[in-house]
Amino acid sequence: MNENTNYFGIDISKDVFDVMGSDGLFHQFSNELTGFKRFIKLMGSNPHCVMESTGVYHLRLAYYLIEHNIKVSVENPLSVKRFIQMKLSKIKTDKSDSKMIYEYAIMNRPSLWTGQTKSQIECSHLLSLSNLYTKEIIVLKNKLHSEEAQGSPVPRVIRSINRSLKFYKKEIETLEITVLKLVKQEYQDLHSRIKSIPGLGAKASALLIVLTDGFERFNTASELCSFAGLTPIIRESGSSIRSRPRISKMGNRRLRKVLFICSFSASKHNKACRELYSRIVAKGKSKKLALIAVCNKLLKQAFAIAKSHLWYDENYESVLVR
């Protein structure tokens with residue numbers, strides 16, 4: 001990283017974004033095109049803007065800056081939060097937040113964010129809508145169960161719920177087919193190679209590729225496992241606190257759910273996964289724990305194949321996944 005980098009810490013909300021630079025001055029701009037133009041005018045040479053991933057509020061500014069050849073880093077809010085906690089700061093204001101992000105940038109020299117292609121953005125939005133419909137299905141199923149559990153359910157209500165369930169299921173199927181088509185257009189070779197892993201079907205492979213930006217978001221397989229929330233958490237302190245290890249569940253819930261479904265097939269048809277599953281169960285561990293281990297193995301296999309540009313071959317498992 002260039003020593004003369006001019007960092008800007010940016011704290012973004014729905015309507016405004018707050019900026020702190022090396023000059024120590026605080027600035028606030030509207031989170032719209034007018035504010036973006038005003039912000040760019042105050043930049044000196046070699047600017048590098050650092051912000052948190054705040055849902056969708058940061059995206060317009062981030063893409064605008066990239067379009068104007070300005071370096072951008074979009075950081076995990078949890079990483080910034082932990083940095084602030086480490087500094088023992090008790091002040092929480094717009095000014096202090098942007099200052100802390102600036103100090104975080106100076107200390108950590110964050111990597112550059114390149115954004116997504118139009119196809120990746122479309123896939124992300126389609127998956128987001130699919131998630132929304134999935135939640136609606138859960139609500140409707142709970143309502144249907146409640147109605148049917150009553151002594152005298154209303155037939156019109158039952159019919160209406162069933163129609164809605166049918167509609168949402170059909171929409172989800174259509175969205176998934178569209179995502180699969182888009183992934184095949186942009187990642188034909190990668191999708192085919194990931195799909196060659198026994199246990200990972202076409203839809204699961206497409207989801208993996210979309211959520212990882214073609215596996216470019218991660219440098220190691222362990223980072224990918226953390227993203228899926230499949231890394232173990234161990235709580236031990238002295239002799240009084242010794243809880244059982246469990247997965248973090250802090251990652252992407254949808255990816256974790258899909259992988260768990262895939263693990264049933266992989267534990268039977270994927271040689272490495274089958275051996276891992278059998279080994280864990282033979283030690284007296286629960287089948288659920290074994291399936292979670294299989295989920296991790298599938299992710300590591302997918303990561304190795306994506307990075308090595310090789311196809312799945314059970315005879316070269318030790319070479320691909322270590």
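Refer to the structure above for everything that follows.
Residues numbered from 1 in each chain as written. Predicted model: local features only at pLDDT ≥ 70, side-chain atom pairs only at ≥ 80, totals over all residues. Heavy atoms only, no water.

*Asks:* Looking at this model, I keep getting lost on the packing of helix H5 (residues 118-149) against helix H8 (residues 202-211). Mind explaining?
*Replies:* How two helices sit against one another is set out by the angle between their axes and by the gap between those axes. For the pair H5 and H8, the least separation of the axes is 10 Å and the interaxial angle reads 120°. For the pair H5 and H8, the sense of crossing is left-handed. In contact with Cys 123, Ser 124 and Leu 127 of H5, H8 contributes Leu 207, Val 210 and Leu 211. The residue makeup of the contact of H5 with H8, split by class, is 5 nonpolar, 1 polar and no charged. (Axes fitted to C-alpha atoms, helices over the stretch in contact; angles between N-to-C directions. Helix = DSSP H or I, 4+ residues; strand = E, 2+ residues; numbered from the N terminus. Left-handed = near helix turned anticlockwise from the far one by under 90°. Contact = heavy atoms within 4.5 Å. Nonpolar A, V, L, I, M, F, W, Y, C, P; charged D, E, K, R; others polar.)

*Asks:* What exactly am I supposed to notice about unusual backbone geometry here?
*Replies:* Trans peptide bonds make up most of the peptide bonds, and negative phi angles are found at most residues other than glycine. Backbone geometry places Asn 69, a non-glycine residue, at a positive phi of 60°. Mapped onto the fold, Asn 69 is located in the loop between helix H2 (59-67) and strand S5 (71-75). Of the residues examined, Asn 69 reaches a relative accessible area of 74% and is grouped as exposed. If you check the backbone angles, Arg 109 has positive phi at about 45° while not being a glycine. By the secondary structure assignment, Arg 109 is in the loop between helix H4 (94-108) and H5. (Buried < 20%, exposed > 50% of the residue type's maximum accessible area, 1.4 Å probe, protein only.)

*Asks:* Quick question: what am I supposed to make of the packing of aromatic side chains here?
*Replies:* Think of a pair of aromatic rings as described by two things: how far the centres are apart, and how the planes are tilted against each other in angle. Applying the stated rule across the entire model yields 12 aromatic pairs. Ring geometry for Phe 36 against Tyr 64: centres 5.3 Å apart, planes inclined by 45°, an arrangement best described as tilted. Within this pair, whereas Phe 36 is found in helix H1 (residues 33-41), its partner Tyr 64 is found in helix H2, the two being separated by 28 residues in sequence. Judged by its relative accessible area of 2%, Phe 36 is buried. Ring geometry for Phe 167 against Tyr 168: centres 5.4 Å apart, planes inclined by 65°, an arrangement best described as edge-to-face. On the basis of relative accessible area, Phe 167 is assigned to the partly exposed category, the value being 44%. Taking the relative accessible area as the measure of exposure, Tyr 168 reaches 18% and is therefore buried. Taken together, Phe 8, Phe 17, Phe 29, Phe 36, Phe 39 and Tyr 64 form an aromatic cluster joined through their ring pairs. (Phe/Tyr/Trp six-rings, centres within 6.5 Å; stacked < 30°, edge-to-face > 60°.)

Geometry only, nothing functional implied.
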